[in-house]
Structure formats: C-alpha cells, structure tokens
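Coordinate analysis (summary)
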Amino acid sequence: MLLLDLTLPTPAENLALDEALLDAAEGEKSPQEVLRFWESDGPVVVLGRSSKVAEEARLDECQAAGVPILRRCSGGAGIVAGPGCLLYAVVLSYELRPELRSLDRAHCFVLSRLREALLPLCADVQIRGTSDLALGEQKFSGNSLRCKRNHFLYHGTLLYDFDLSLLGKYLGTAPRQPTYRHERSHREFVTNLPLSSTELKQTISHAFGASQPLQTWPTEQLHTWVPQRTLQADGNQRPRKHPR
C-alpha cells in the first residue's frame, strides 16, 4: 500500500484530496491502495454528504470566528477538526478485497484493523455504533465511507490533543446519535487518545502495510473537487467551477 503524509494549505484542499485520491485510483489500470494523513492548523467544520447545515453547524459562531464549513463526499454527521485531530483516509480496492463490497464488512475491516493496532498502546479501545472507535464509553474516532465501482474511500478522525470545547461551540446537536451516547453532550461524549501524532501515524501505517511513499498526487482532480467541498456563509453549496 502507498503512503501519503501530506497536509495542503487549506482545509478545502485537504478534504478534496481524499476524493481526488479515490478518483485517481479508479482511473488506474490496476488496483491502487493508498493511506493518507493530514491535520488542519485551525478549526474547521466538516459536514456529511447529506447533513443539514442549519441543524449540524452553529453558523453564527462559525462565521464570527472565521471557521470554514465544508462538505465531504461521504455520509455521516458533522465533525470539528483542527490541531490535535489527525485525519486519515484509506483507498481500498474491491478487486483485491471483494468481500468489502458489503458495507458492514467494510466498516468492520477498517475499524478492526485500527482497533487491533491501537490496543497495545491504549487499553479498552472498542468499536461502537456503526463506525466509531471509543475508549470505553467515550468516542475518539468517527468514520465514514464513499464507494465507487472499483475502489472505496474510508476516512475519519483520530483525536489525540484536540480542544474538545470546540465541539459544542461549532456543532449543533447530532440528529442521529448512537445508543451508547446516552444523550450526553459533545464534551461528555468525546475524548482524546493519550498518544502523539507520530505514534498514531506509525501505528496505523504499520497496520495497513503502508510504507511505499506516493510520489505524485492528483492535482488536477483536486481542483475539480475543491469548490464542491466549500459552503457559503449561508450554508449553501458554492457553484461548481471548472478545473484548472
């Protein structure tokens, strides 16, 4: 598996690169699997593909603080990322792993691999809900996926030194809550892993067998997706722009 540890200048570019890597893999003649890491240098709200902006983001707070609101290509609820939140993305091949065409198996495959890798470093790592990882009853990782014909993108968050107060400041109440949340607030429900970014990257890279650096990344596809990931201050999607 190829490895890309790359943070681009803006959150929109970083989010779009996940999708561009999926598109690039689809365009290859042979299966191409990639693991990527990135981390935003400031707070950013990222909504799921079908999220309702007015419900899941606190628009006034985000606008006042200059916090961008983006929409990812995958499903799930809104999240806040920023310093202390490592984001990962893995593009996997259906040709190499045909059993993962089942969504339940895809979730189980990635989350089980992450859990097994983290358990020697953090006791009580558990898979909870549909696509969460938790330390006991507190979530530290939310995940979602996007499927195409020959590959799928699985990506998510790993909190390790994140300012948890930002969750309640910039996010509304999640419309869909896993049973184990028990109606707790964002701050009560979420926690950080007691690990560093370097430890997480090394552990996850080893778990996926990702060691060969990806030498080039899809800049043209990236420019196609950036405008579609960005929301205006009123919560509407920006119009699509032609790729450069």
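Just above sits the structure.
Residues numbered from 1 in each chain as written. Predicted model: local features only at pLDDT ≥ 70, side-chain atom pairs only at ≥ 80, totals over all residues. Heavy atoms only, no water.

Considerations on the overall build of the chain
Counting secondary structure elements, the chain contains eight helices and 11 strands. Scaling as 2.2 N^0.38, a compact globule of 244 residues should have a C-alpha radius of gyration of about 18 Å, and the chain matches this with 17 Å. A total of 244 residues make up the chain; the buried ones form 55% of that total. Considering only residue pairs separated by 6 or more positions, the chain has 73% of its internal contacts joining residues 24 or more positions apart. Taking the 28 positively charged and 28 negatively charged side chains of the chain as two groups, their mean positions are separated by 5 Å. (Helix = DSSP H or I, 4+ residues; strand = E, 2+ residues; numbered from the N terminus. Rg over C-alpha atoms; globule rule 2.2 N^0.38 Å. Buried < 20%, exposed > 50% of the residue type's maximum accessible area, 1.4 Å probe, protein only. Contact = heavy atoms within 4.5 Å. Lys, Arg positive; Asp, Glu negative; His and termini not counted. Charge placed at Lys NZ, Arg CZ, Asp CG, Glu CD.)

Quick word on the nonpolar core
Formed by 47 residues in total, the largest nonpolar core has its most connected members in Leu17, Val45, Val80 and Phe162. Looking at which element gives the most residues to this core, the answer is helix H1 (residues 11–26), with eight residues. Excluding anything up to four places from it in sequence, phenylalanine 162 contacts Val80, Ala81, Gly82, Pro83, Gly84, Cys85, Leu167 and Asn192. Core analysis: the second largest hydrophobic core is formed by 30 residues, Tyr94, Leu133, Leu135 and Tyr154 among them. (Core = buried A, V, L, I, M, F, W, Y, C linked by side-chain atoms within 4.5 Å.)

Quick look at the sheet that holds strand S1 (residues 2–5)
The strand order across the open sheet built from eight strands is S7-S8-S9-S10-S6-S2-S1-S11, with neighbouring strands paired in mixed fashion. Looking along the sheet, the strands with just one partner apiece sit at the ends: strand S7 (125–128) and strand S11 (212–213). Of the pairings in the sheet, the one linking S1 to S11 comprises two bridges and is parallel in character. Paired with leucine 2 across the strands is glutamine 212, a residue of S11. The sheet contacts of helix H7 (residues 197–208) involve S1, strand S2 (34–38), strand S6 (85–93) and strand S10 (151–159), and relative to S2 the element is tilted by about 170 degrees. (Pairing = 2+ DSSP bridges. Axes fitted to C-alpha atoms, helices over the stretch in contact; angles between N-to-C directions.)

Some details on the pattern of salt bridges
Counted according to the given criterion, the structure contains six salt bridges. The partner of aspartate 23 in a salt bridge is lysine 148, and the shortest N-O contact between them spans 2.6 Å. You can see aspartate 23 sitting in helix H1 and its partner lysine 148 sitting in the loop between strand S9 (138–147) and S10, a full 125 residues away along the chain. Put simply, aspartate 132 and lysine 139 hold a salt bridge, and the shortest N to O gap is 3.5 Å. A relative accessible area of 7% means that aspartate 132 is categorised as buried. (Salt bridge = Lys/Arg side-chain N within 4 Å of Asp/Glu carboxyl O.)

A closer look at the sheet that holds strand S5 (residues 79–81)
The strand order across the open sheet formed by three strands is S4-S3-S5, and the pairing between neighbours is mixed. Pairing within the sheet leaves two strands with one partner each, and these edge strands are strand S4 (69–71) and S5. Neighbour to neighbour, the strand axes of the sheet diverge by 30 degrees on average, direction disregarded. Relative to S5, strand S3 (residues 44–47) is paired through three bridges, and the arrangement is antiparallel. The residue of S5 that forms the bridge with valine 45 is valine 80.

So, the pairing of strand S8 (residues 132–135)
Burial of S8 is two-sided: the residues Asp132 and Ala134 facing one way and the residues Leu133 and Leu135 facing the other way are all buried. The pairing of S7 with S8 spans four bridges and is antiparallel. Paired with valine 125 across the strands is leucine 135, a residue of S8. Between S7 and S8, which pair antiparallel in sequence order, lie three residues; one of them, glycine 129, sits at a positive phi of approximately 60 degrees.

Some details on the packing of helix H4 (residues 103–118) against H7
Where H4 meets H7, the axes come as close as 9 Å, and the angle between the chain directions of the two elements is 125 degrees. Here H4 lies oblique to H7, going by the angle between them. Note that H4 runs across H7; the crossing there is right-handed. Where H4 abuts H7, its residues Phe109, Val110, Arg113, Leu114, Ala117 and Leu118 lie against Leu200, Thr203, Ile204, Ala207 and Phe208. Split by residue class, the contact of H4 with H7 holds nine nonpolar, one polar and one charged. (Parallel < 35°, antiparallel > 145°, perpendicular 65-115°, else oblique. Left-handed = near helix turned anticlockwise from the far one by under 90°. Nonpolar A, V, L, I, M, F, W, Y, C, P; charged D, E, K, R; others polar.)

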